[in-house]
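Report on the structure
If you want the building blocks of each chain, they are given just below.
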Amino acid sequence: MKKMSGNKLLVKALREEGVDTIFGYPGACTIDISDELYRQDQIKVILPRQEIALVHEADAYARSTGKVGVCLVTSGPGATNLVTGLATAYYDSVPLVCFTGQVARHLIGNDAFQEVDIVGITRSITKYGVTVRRREDLGRILKEAFYIARTGRPGPVLIDLPKDVMAELGDGEYPREVNIRGYKPNTHAHIGQLKRAIKMLGKAKRPLFLVGGGVNISHAWKEFTEVAEKTKVPVVTTVMGRGAIPTDHPLYIGNLGMHGAYACNMAVNECDLLFSIGTRFNDRITGKLHSFAPQAQIVHIDIDTAAISKNVQVDVPIVADAKEAVIKMLEYVTPCETERWREQINDWKREHPLAMKPRPIMTPKDILDEINQMFEQAIVVTDVGQHQMFTAQFLEVNEKKRLYMSGGLGTMGYGLPGAIGAKIGNPDTPVISISGDGGMQMNIQELATAVLEELPIISCIFNNSNLGMVRQWQKLFYGKRYSMTCLRSGAACRGRCGQVECPEYTPDFVKLAESYGAKGIRITKKEEIRPAFQEAMESRKTPYILEFIIDPEDLVYPMIEPGGTLKDMIMDC
């Protein structure tokens, strides 16, 4: 076969792997790769405005399509700007392959211009990372990168590409198979363990399914819903598992954890069998570990061996892909006697329904209710904060209406670029981002990307003039000492809060949207919500910002006290 440069082989590998979109930002160490991408027309190249946003766009593209997201950045600051996005993808099990430029091999270790050890920096937040040292290894490493990213527990892979290696001529053949010694991910459920778990399910008086993001990642919504319906076992989810069963399903209780519904947290506290699928049992859902599900035997199905019994000791461990395990469960499960148990759960729901107190002014729930009514099909991407928890509580999620967010890392600034990536991957589906006024400003430069790519995303900003979630903690637990959370604060009022008039809010999001070539609407009343969405929904090429002015006193309830148990819920204030 004719020899080719490493740059050409990289582009060939992308085509062979079925990559149709790459999110890239150029620089000196990747300019030759950019040149090769310019010479082809099969792979669309998206040019964001910042590498931090770029990796979030690839991340949401991957989450919403099921494909591997692909990034290309240069060395030095281009590479280090990936760190937060790589950690975001790592914690949420998102398949990414990120290519970073690197200085020529003879300069590595000499503090050359824009040289960093990005493999070393990201070792703990990538599934695999390597610097390509020999041209003859390039094809194999590229093939392995995509395989590792998408198999087992998915995750980000980083491939560091020295400029001289990529310029070198070598074999142009791209491998067809992968054989990595020591990496043989298991996806099939152990039938003996699964039957044991199902037998326990049948004997339980108060069984409960706990479903995490693993069911959504494996696209097992339909199959899991069938299992729940066949067994008649009620279901709670983590925030990342929301949508594993339609949120209006009679067996669905809601989200559990720090801001979980009262009935969910009580159900976990009182169940005698907790059958969990695809969750890591992190601290946001368990509260104090010693008091989590104190009466229950615990079954845990997860693709990642390391996740089982890491935080919560389980009785029946099953290492398997969530979808394969759920499909196998359908062969064996039978109806369970859960009528009395479900009546108890419904009593808890009636006792403390998940709701916000009706108010004459516009609330976050009013906005989400309109989204539920107006959008039969949509992708909703949130930022991180109060708006995220309101969305997780009140947004209807099902197979046609999906919800994506940064769950494990809690990355502010994810919302807008996430919506861009999701829209690029799903051009025929309405895409809505929901952000706070703080998170929106962390990557607002990506409005330019949305405008130039002609993406009619709808960006909702819940503007309460504050960093709302931190302010909520300050109100409830820090004596209302609102330090560093007011986004109007500055030189004009510093140290004189309440003594002088508040400065004007900056920026003016409507004018800012217009300056980028987008459209902006400010909404202050309930009756303005629907007309604003109707106008934005008619757009075919232009992004919209919908700025909702909400009260900073709208807090997220229920809430578990810091260091509390699932029973220690603050219901309202």
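This is a predicted model, so every value here is computed, not measured. (Residues numbered from 1 in each chain as written. Predicted model: local features only at pLDDT ≥ 70, side-chain atom pairs only at ≥ 80, totals over all residues. Heavy atoms only, no water.)

**Concerning the sheet that holds strand E12 (residues 273-277)**
Quick note on the threshold: Two strands form a pair only when DSSP identifies at least two bridges running between them. Under the scheme used here, helices are H or I runs from DSSP no shorter than 4 residues and strands are E runs no shorter than 2 residues, and both carry numbers assigned from the N terminus. Axis lines are fitted through C-alpha atoms, for helices just across the contact stretch, and the angle between N-to-C directions can take any value from 0 to 180 degrees. We call two residues in contact when some of their heavy atoms are within 4.5 Å.
Reading across from one edge, E11-E10-E9-E12-E13-E14 is the order of the six strands in this open sheet, with parallel pairing throughout. On the outer flanks of this sheet lie strand E11 (252-255) and strand E14 (316-319), each paired with one strand and no other. The sheet shows a mean angle of 15° between the axes of neighbouring strands, taken without regard to direction. Pairing analysis gives three bridges linking strand E10 (residues 235-237) to E11, with the strands arranged parallel. Bridged to valine 235 within E11 is tyrosine 252. On top of the sheet, helix H11 (residues 221-231) reaches strand E9 (207-211), E10 and E12; it is set at about 170° to E9, its chief contact. Of the strands in this sheet, E9, E10 and E11 touch helix H12 (residues 262-270), which is tilted by about 100° from E11.

**Points about helix H9 (residues 191-203)**
Our working definition: How far a helix is expected to stretch is found by multiplying one less than its residue total by 1.5 Å.
The first and last C-alpha atoms of H9 sit 18 Å apart over 13 residues, in line with the 18 Å expected at 1.5 Å per residue. The secondary structure elements touched by the buried residues of H9 are E9, H11, E12, strand E13 (297-302), E14 and helix H14 (322-329).

**Quick notes on the packing of aromatic side chains**
Here the distance between the centres and the angle between the planes together describe a pair of aromatic rings. The test is simple: When the centres of two rings from Phe, Tyr and Trp lie within 6.5 Å, Trp using its six-membered ring, the rings pair. Their planes under 30 degrees apart give stacked, over 60 give edge-to-face, and anything left gives tilted. Two conditions define a charge located above a ring, namely a distance within 6 Å from the ring centre to NZ of Lys or CZ of Arg, and an angle within 35 degrees of the ring normal.
For the structure on display, the rule yields 12 aromatic pairs. One aromatic cluster in this structure is built from Phe375, Phe462, Phe533 and Phe548. The ring of tyrosine 90 is capped by arginine 153, whose NZ or CZ atom sits 5.4 Å from the centre of that ring. In this structure, lysine 365 is placed above the aromatic ring of phenylalanine 394, and the distance from its NZ or CZ to the ring centre is 5.5 Å.

**As for the UniProt feature "domain: Thiamine pyrophosphate enzyme N-terminal TPP-binding" (unreviewed entry) in the protein**
Our working rule: UniProt positions are given in the numbering used here, feature names are shortened, and annotations may be inferred rather than shown by experiment.
UniProt's feature table lists "domain: Thiamine pyrophosphate enzyme N-terminal TPP-binding" (unreviewed entry) at residues 4-120, given in the numbering used throughout. This span, residues 4-120, is 43% helix and 18% strand, and a straight line between its end C-alpha atoms measures 29 Å.

**Observations concerning the sheet that holds strand E17 (residues 431-436)**
Taken together, the six strands give an open sheet; going across it, the order is E16-E15-E17-E18-E20-E19, and neighbouring strands pair in parallel fashion. At either margin of the open sheet sits one strand with a lone partner, and together these are strand E16 (401-404) and strand E19 (519-523). The sheet shows a mean angle of 20° between the axes of neighbouring strands, direction not considered. Taken together, the four bridges between strand E15 (residues 378-382) and E16 define a ladder with parallel strand orientation. Looking at the pairing, alanine 378 lines up with lysine 401 of E16. Helix-sheet contacts for helix H18 (residues 415-425) involve E15, E17 and strand E18 (458-463), and the interaxial angle to E17 is about 170°.

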